[in-house]
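Read off the chains here:
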Amino acid sequence: MKLIYQTWLFVFLSCYCYAQGLKVTGKVTDEKGDPLIGASVLEKGTGNGTVTDENGAYGLTVGYNNATLVVTFVGYNKMERELNGAASQDFALADATVLNQVTVVGSRNLNRSSTDTPAPVDLIDIREVTTKQGQLDVNQLLQFAAPSFNSNRQTGSDGADHVDPASLRGLGPDQTLVLINGKRRHQSALVNLFGSRGRGNTGTDLNAIPAAAIERIEILRDGAAAQYGSDAIAGVINIVLKETTNQLAVNANAGMFKAKYRFDDKKFDGLNYNINANYGVKIAKMGFLNVTADYNSRDHTNRANTVTSEADLARRQYGDPEIRNAAVYYNAKIPLGGNFQVYSFGGLNERKGDAYAWTRFADDDRNIPSIYPNGFDPIITSEIKDRSVAAGIRGVWKSWDIDLSNTYGFNKFHFGVKNSLNRSLGERSQTSFDAGGFQLGQNVVNVNVSRYYKTVMQGLNIAFGAEFRKERYKIFAGEEASYRNYDPEFAGGSQGFPGYSPADVTNHSRSNVGAYVDLEADVTKQFLVDVAGRFEHYSDFGSTLNGKLGLRYKITETFALRGSVSTGFRAPSLAQKYFNSTFTNFVNGQPVEVLLANNNSAVTKALGIPQLKQETSQNASLGITFTPAAGLSVTVDGYYVKVKDRVVLTGQFSDDDEDIGDLLKALRVGKAQFFTNALEYTTTKGLDVIVAHSAPLGAGRLSTTVAANFNWMKLGPVNTVPKLAGKEDIYFDERERHFVLASAPPSKINLTFDYSVSKFSAMLRFIRFGEIKLANWDYMIDTYNPKVQTDLTLNYKFTPNISLSIGGSNILNVYPDKFQPALTESGGAWDPVQMGSNGAFFFTRLGLRF
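Residues numbered from 1 in each chain as written. Predicted model: local features only at pLDDT ≥ 70, side-chain atom pairs only at ≥ 80, totals over all residues. Heavy atoms only, no water.

The subject of this paragraph is empty space enclosed by the protein. Remark: the empty space left among the atoms is shown by a probe the size of a water molecule rolled over them. Applying the stated criterion across every chain yields a total of 17 cavities of 30 Å³ or more. Taken as a whole, the largest cavity encloses approximately 350 Å³ of empty space. Contributing to the lining of the largest cavity are 23 residues, with Gln135, Gln140, Arg153, Phe257 and Phe841 lying nearest its centre. With 3 residues, the single largest contributor to the lining of the largest cavity is helix 3 (residues 138-145). A per-class count over the lining of the largest cavity returns 6 nonpolar, 15 polar and 2 charged. (1 Å grid on protein atoms, 1.4 Å probe; cavity = no way out; pocket = protein on both sides within 12 Å on 5 of 7 lines; lining within 4 Å. Points joined across faces, edges and corners; volume = space filled by probe spheres on them. Helix = DSSP H or I, 4+ residues; strand = E, 2+ residues; numbered from the N terminus. Nonpolar A, V, L, I, M, F, W, Y, C, P; charged D, E, K, R; others polar.)

Reading across from one edge, 8-13-14-11-12 is the order of the 5 strands in this open sheet, with mixed pairing throughout. Sheet topology places strand 8 (121-125) and strand 12 (183-184) at the edges, where each strand pairs with a single neighbour. Bridge count for strand 11 (residues 176-180) against strand 14 (residues 235-241) is 5 bridges, and the pairing is parallel. Residue pairing for strand 14: Leu177 is matched across the bridge by Val236. (Pairing = 2+ DSSP bridges.)

Moving on, we get to the packing of aromatic side chains. Within this structure, the stated rule accounts for 26 aromatic pairs. Ring centres 5.9 Å apart and planes at 70° place the aromatic pair Phe497 and Tyr500 in the edge-to-face group. Here Phe497 matches Tyr500 in class, with each residue buried. Each ring, one from Tyr500 and one from Phe579, has its centre 6.1 Å from the other, and the planes form 80°; the classification is edge-to-face. Taken as a pair, Tyr500 in the loop between helix 5 (480-483) and strand 24 (506-522) and Phe579 in the loop between helix 6 (574-578) and strand 28 (581-587) lie far apart in primary sequence, 79 residues in all. (Phe/Tyr/Trp six-rings, centres within 6.5 Å; stacked < 30°, edge-to-face > 60°. Buried < 20%, exposed > 50% of the residue type's maximum accessible area, 1.4 Å probe, protein only.)

Here we come to the pattern of salt bridges. Evaluated as defined, the whole model comprises 38 salt bridges. A salt bridge links Asp522 to Arg552; its shortest N-O distance comes to 4.0 Å. Note that Asp522 is positioned in strand 24 and Arg552 in strand 26 (residues 542-554), a separation of 30 residues in sequence. Of the two residues, Asp522 and Arg552, both sit in the buried class. Of the charged contacts in the structure, one is a salt bridge between Arg570 and Glu615, with a shortest N-O distance of 2.9 Å. In this pair, Arg570 sits in strand 27 (residues 559-570) while Glu615 sits in strand 30 (residues 615-629), placing the two residues 45 residues apart along the sequence. A single network of salt bridges, built from pairs that share partners, joins Arg184, Asp231, Glu467, Arg469, Glu471, Arg510, Arg534, Glu536, Asp540 and Lys577. (Salt bridge = Lys/Arg side-chain N within 4 Å of Asp/Glu carboxyl O.)

Here we take up the sheet that holds strand 6 (residues 79-82). Read across the sheet, 4 strands follow the order 3-2-5-6 without closing on themselves; strand pairing throughout is antiparallel. Looking at the sheet topology across the chains shown, the edges are occupied by strand 3 (49-51) and strand 6. Strand-to-strand twist in this sheet, taken as the mean axis angle between neighbours without regard to direction, amounts to 15°. Where strand 2 (residues 40-43) and strand 3 come together, 3 bridges link them in antiparallel fashion. By the bridge assignment for strand 3, Ser40 is matched with Val51. (Axes fitted to C-alpha atoms, helices over the stretch in contact; angles between N-to-C directions.)

Everything listed here is a matter of coordinates, which is why it stays silent on function.
This is the structure:
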């Protein structure tokens, strides 16, 4: 609680700060001079904005004299104008031959700015963020740009080493909906089994989308299932692709980690480098084609050597996987004449990775000394192919905005194992294996219709639409030697990651149809009401009806209240229903074969485990927006999310269990676990606080931001079945409870100072990660105390087209608290926690624009 008091103190002290600014007034009309009521007027690069009144007039205090105003209105072309100190600015918007509005997630009113929505929306300018940060992938960029966004780099986590799980507000990765240009993005085929977060969840692989292709990212921090469909329990992330033309942008980035924990003399490791290029061409008068090519390379880090002798080691190799990531993305719109256009966007991503598995030491009974005299460190390889394409037609017909589209997405995850062996084959064993994998395909047909009535009340927006979605999930087997046991005296399959067997192979699909209506009305200039309802029917889970009510009331021009209540729904993913695998886990450093049994397996039937059912949610939020002075804004939003029948991964039942022990022994596995609606409910309460201040300082300008998230989660009773009565501590044990509770730190506070003067700018940032508690294999609590990370970036623009950045993340080389490697989930001195365990990262970035 002390942290909250300190943050509130900063908020109230900030409200008394005086900031110089410029009061701008004017009118927004069409080309005939008729007023445009409800047009959006926004100070570019900020959340500061307003809308025009019944006379088309507006008034807005901007942070500085040469600010740029952005004016938009449905059916009209957007206008941008630099003020250059002029306090009176009129705008005459031209009719749009091609629709070109600013779309903000959270509202289907195309005139609505992010400051006017009844729910909190973060707008993140990716060009600005990438200039000031050393992170090269989208997950890590958002990790430090948005307070309620959480992502961990995993190690020793099988597939999660290659696809970073991420989420909002401490909920599951599969409870956040991801859109690209407003269209549903497909999820990854991976289901997370290990690591400190995302266990038992599927999620969306944000790193498949190159940051260089992105104009901005919009994060709706509110339940939105009634607006956008299931999976939007925690919120929505909308990725908006670039539309620039006649400009070639090339960026080259490189950086390395300072290697604090190594026995050798190597001072740095984990070389990261990235090169990308973006270029757009005009098509006809208002059309374009924008293309991005991106290549990212990341080498291994090794942080296993944190103890004094090899005898104390759990693993000789522990750290980031090696990743090679290549992507090509495009975004295009082509006018058809009149008020219609066709559009398309999508891309290809291919990723290859090498991740460390647990060490097999020389005297390990799973080693063959004639092949590996010193033991071996298996490497789990990945080949991930991700592709997507969307195409549609959009236009205005009799004042109705109509959008019809089809979006296809595909993700394939193919495992390999090298530097390994199949112990049951003896000395004739091969050392590399094809271990099989899984894939997910999704096709979405979507139609959206909306219309804005500027003369009804103070503006009424009506939107409705429908969607049809088809998904298919497959598991394919690896080669025989990767899974087969040839000698019952020894363990079979490829060491480090046993391959998928024919018994694991699955091929299942399902369909979903949904329809929604969304009404948003400015009842008065001060009072906004948004009501949405959505019906969905799943072929395997039945029907659901969800609703949302959002309100915003402007008490004054500078102070507003906002809030919402809603219900949500998430059907378990196909992977949660049908995933089946046998893998090697290490309990207290000892290998154990574990069966993850699907919902229809003999194991789950023997225990009487029911079929998975959907999760349902209740969401509520209440907040304020406050702009007490030019250049100063404050937003505070509290939230409450209750998720019923939450799907989780259970604890592990052993082969001495009276109900399934004999069955497990027959399957030659020591333990078994499965997916189930184990938790009757979880409740998450939280607070988001963002204070932003910008003012002249000396010859330059200083922008200061405090962004904080406070998060509390409570787990309800365990849902059991008759055969498991008295086994609740196994069914959902202490370790699994702490993994769910640690989905996000209870607090994350980001304090950023950004100063620019002439061609030079500097960014200094402090990030405090709150305490995390995890249960180790001895069921003792490992407490990761709060830590503060310090980042510094310096940027110089040699010319308007050439810039250079140098800097560091975690420049003071702070690490999480260390624990006994043999007892952690990952086998290293740290379980994966949000601040990471690689230490300081130093980088440089060269940007060119032509």
